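Here is how the chains run, residue by residue.
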Amino acid sequence: MTTLSHLECGLCGRVFDPGERPLRCGCGGPLLVRYDLERARRSWSRDWVRNGPSTMWRYAPVLPVRRPDAIVSLGEGMTPLIRAARLGERLGAPQLWIKEEGANPTGSVKARAMACAVSMAREEGVRKLAAASMGNAGAALAACAASAGLDAQVYLPASAPRSVQLECRACGARVRLVEGGPAECRRALEEDREAEGRRDVSPLREPYGLEGAKTLGYELAEQFNWEPPAAILLPVGAGMTLIGVWKAFEELAELGWIAGRGPRLVAVRVEGCSAVAAELAVPGPLAEGLWAKAIASGGGAVAAVGEAELLETGLETARLEGILPSPEGAACVAALGRLLAEGALDPGRRIVLLNPGAGMKRRELYAGRLGRESAGEADKLGGLITPR
């Protein structure tokens, strides 16, 4: 099934045997799963992929799970790739596509990472899990743990949407609400005696969630018939999805499944990172060096947008394409408008925007904006996607 070879520290390069079951390197760096891609190339073909399950597990030879009976899956992956013709016309990018990760179980891209992390925990006999989350990762953990019959504890900010809190509790996870943001949630997990003995499956705290995130890159390559887009815009908090997509295209090139290097990766940040774009509010990401390398390797960039415009941009995207993005997804739309106006991206080439989560998960924010529109502000939406 898997062609897993070894684990390698993303910072110092130290190599570990997977039988040691390390979660982090002694230097503090995140571990990367490495595969025998020569063996994968001999025993697997991109033509065979289409015969696999309609989930991310169609890429099992380059995922770490050894035992098929350990796989925990709620159907994550193979999400829609949608041609955004009207939005593309509005922005001046005729080859624009949206990767709709809100169609995943629990409504976000985090379902991919947690499915893989929980599957490996199950394979290794780990029964208790924990995660510090701004919302989506916690909901994904709760659902996957419930499916696997494992015990989960989630640390959320007290400001997390009530719908996310309900999701976690409904799936049987223990929820601890913490005053503050991601740093405080992280500290609460590390200091909580109840978390002792639990595997921490927070982003980049163990090697396997990254492998689930990686499947997004494989999937995009497959959906474009192995001809990668010119650029992908991804919102970045901890940076796991960005690193995963970069890792996917590195592996695809080594497998010989794509020609040349992968797409340019644009990391989208939000200035301020307060409650609106909560999933991006991750100060001092654990793997900044890795995602900087991911950006540099393909000639990518970092783009920052203001938080004030996100809800209005999200609503205009919904009106043009019928897709209500998360505020983080709306940040990618806003960033694209600016990059095109600055000449930083070629508008005639294929561009993908990642919407990492369903906008309805933040419906209380959008509802407030729509209420103000009814008071006469709707005419202000027009200049928000492109710079004024």
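Residues numbered from 1 in each chain as written. Predicted model: local features only at pLDDT ≥ 70, side-chain atom pairs only at ≥ 80, totals over all residues. Heavy atoms only, no water.

*Asks:* What is the right way to read the overall build of the chain from this model?
*Replies:* A tally of regular secondary structure across the chain gives 13 helices and 13 strands. The C-alpha atoms of the chain give 20 Å as radius of gyration, which agrees with the globular expectation for 388 residues (21 Å, within 12%). Along the three orthogonal principal directions, the C-alpha set of the chain runs to about 60 × 50 × 35 Å. Within the chain, the fraction of its 388 residues that count as buried is 60%. A separation threshold of at least 6 residues defines the contact pool for the chain, and within that pool the share at least 24 residues apart is 72%. When the 48 basic and 46 acidic side-chain charges of the chain are each reduced to a single mean position, those positions are 2 Å apart. (Helix = DSSP H or I, 4+ residues; strand = E, 2+ residues; numbered from the N terminus. Rg over C-alpha atoms; globule rule 2.2 N^0.38 Å. Buried < 20%, exposed > 50% of the residue type's maximum accessible area, 1.4 Å probe, protein only. Contact = heavy atoms within 4.5 Å. Lys, Arg positive; Asp, Glu negative; His and termini not counted. Charge placed at Lys NZ, Arg CZ, Asp CG, Glu CD.)

*Asks:* Explain the packing of helix H4 (residues 110-123) against helix H5 (residues 136-148) here, please?
*Replies:* Contact geometry for H4 and H5: axes closest at 9 Å, N-to-C directions at 40 degrees. Relative to H5, the element H4 lies oblique. Here H4 and H5 pass one another in a crossing that is right-handed. Contact with H4, carried on its side by Lys110, Ala111, Met114, Ala115, Val118 and Arg122, involves Asn136, Ala137, Ala140, Leu141, Cys144, Ala145 and Ala148 of H5 and no other residues of that element. (Axes fitted to C-alpha atoms, helices over the stretch in contact; angles between N-to-C directions. Parallel < 35°, antiparallel > 145°, perpendicular 65-115°, else oblique. Left-handed = near helix turned anticlockwise from the far one by under 90°.)

*Asks:* Help me understand the confidence of the model for the chain in this model?
*Replies:* For residues with low pLDDT, the predicted coordinates do not support detailed interpretation. For the chain, the average pLDDT comes to 91, and 93% of its residues sit at 70 or higher. Low pLDDT, under 50, characterises residues 375-388; the predicted model gives this stretch 29 contacts beyond four residues in sequence or across chains. (pLDDT = per-residue confidence, 0-100.)

*Asks:* Quick question: what am I supposed to make of empty space enclosed by the protein here?
*Replies:* Gaps between atoms show up when a probe of the same size as a water molecule is rolled over them. Taken as a whole and judged by the stated rule, the model has three cavities of 30 Å³ or more. Here the largest cavity is characterised by a volume of approximately 110 Å³. Lining the largest cavity are 13 residues, with Asn136, Glu279, Glu328, Lys361 and Arg362 sitting closest to its centre. (1 Å grid on protein atoms, 1.4 Å probe; cavity = no way out; pocket = protein on both sides within 12 Å on 5 of 7 lines; lining within 4 Å. Points joined across faces, edges and corners; volume = space filled by probe spheres on them.)

*Asks:* What's the story with the pattern of salt bridges in this structure? I'm lost.
*Replies:* Pairs may arise between side chains of opposite charge once their charged atoms sit close together. All told, the structure shown has 25 salt bridges when counted by the stated rule. Arginine 186 is paired through a salt bridge with glutamate 190; the nearest N and O atoms lie 3.0 Å apart. With a gap of four residues between them, arginine 186 and glutamate 190 both fall in helix H7 (residues 182-191), about one helical turn apart. A salt bridge links glutamate 309 to arginine 338; its shortest N-O distance comes to 2.6 Å. Of this pair, glutamate 309 sits in the loop between strand E12 (301-306) and helix H11 (310-321) while arginine 338 sits in helix H12 (residues 327-341); the two residues are 29 residues apart in sequence, bridging distant segments of the chain. Under the relative-accessibility criterion, glutamate 309 is labelled buried at 11%. On the basis of relative accessible area, arginine 338 is assigned to the partly exposed category, the value being 29%. Each of Lys99, Glu101, Arg112 and Glu219 takes part in a single network of salt bridges with overlapping partners. (Salt bridge = Lys/Arg side-chain N within 4 Å of Asp/Glu carboxyl O.)

*Asks:* Just to check I follow, could you spell out the sheet that holds E12 for this structure?
*Replies:* Neighbouring strands of a sheet are bound in pairs by backbone hydrogen bonds; such pairs are parallel or else antiparallel. Strand order in the open sheet made by the six strands is E4-E5-E13-E10-E11-E12, with mixed pairing throughout. Of all the strands in the sheet, just strand E4 (81-83) and E12 have a single pairing partner and so form its edges. The average undirected angle you get between the axes of adjacent strands in this sheet is 25 degrees. As defined by bridge partners, strand E5 (residues 96-100) adjoins strand E13 (residues 351-355) across five bridges and the pair is classed as parallel. Its bridge partner being in E13, tryptophan 97 is matched across the sheet by valine 352. Contacts between helix H9 (residues 240-255) and the sheet are confined to strand E10 (231-235), strand E11 (264-271) and E13, with E10 contributing the most and set at about 150 degrees to the helix. (Pairing = 2+ DSSP bridges.)

*Asks:* Is there a simple way to explain helix H6 (residues 162-170) in this structure?
*Replies:* Every buried residue of H6 is listed here: Val164, Gln165 and Cys168. Down the axis of H6, the buried set is contained in an arc of 100 degrees. They therefore lie on one face. Summarising the geometry of H6, the exposed residues directed more than 90 degrees from the buried face are Arg162, Leu166 and Ala170. On its buried side, H6 packs onto H5, strand E7 (151-157) and strand E8 (174-178). (Arc of directions from axis to C-beta.)

*Asks:* So what exactly am I meant to see when it comes to the layout of surface pockets here?
*Replies:* Volume-wise, the second largest pocket comes out at about 240 Å³. Along the walls of the second largest pocket sit 14 residues, with Pro229, Ala230, Ala231, Arg264 and Arg349 positioned nearest its centre. For the lining of the second largest pocket, the class distribution of residues is seven nonpolar, two polar and five charged. (Nonpolar A, V, L, I, M, F, W, Y, C, P; charged D, E, K, R; others polar.)

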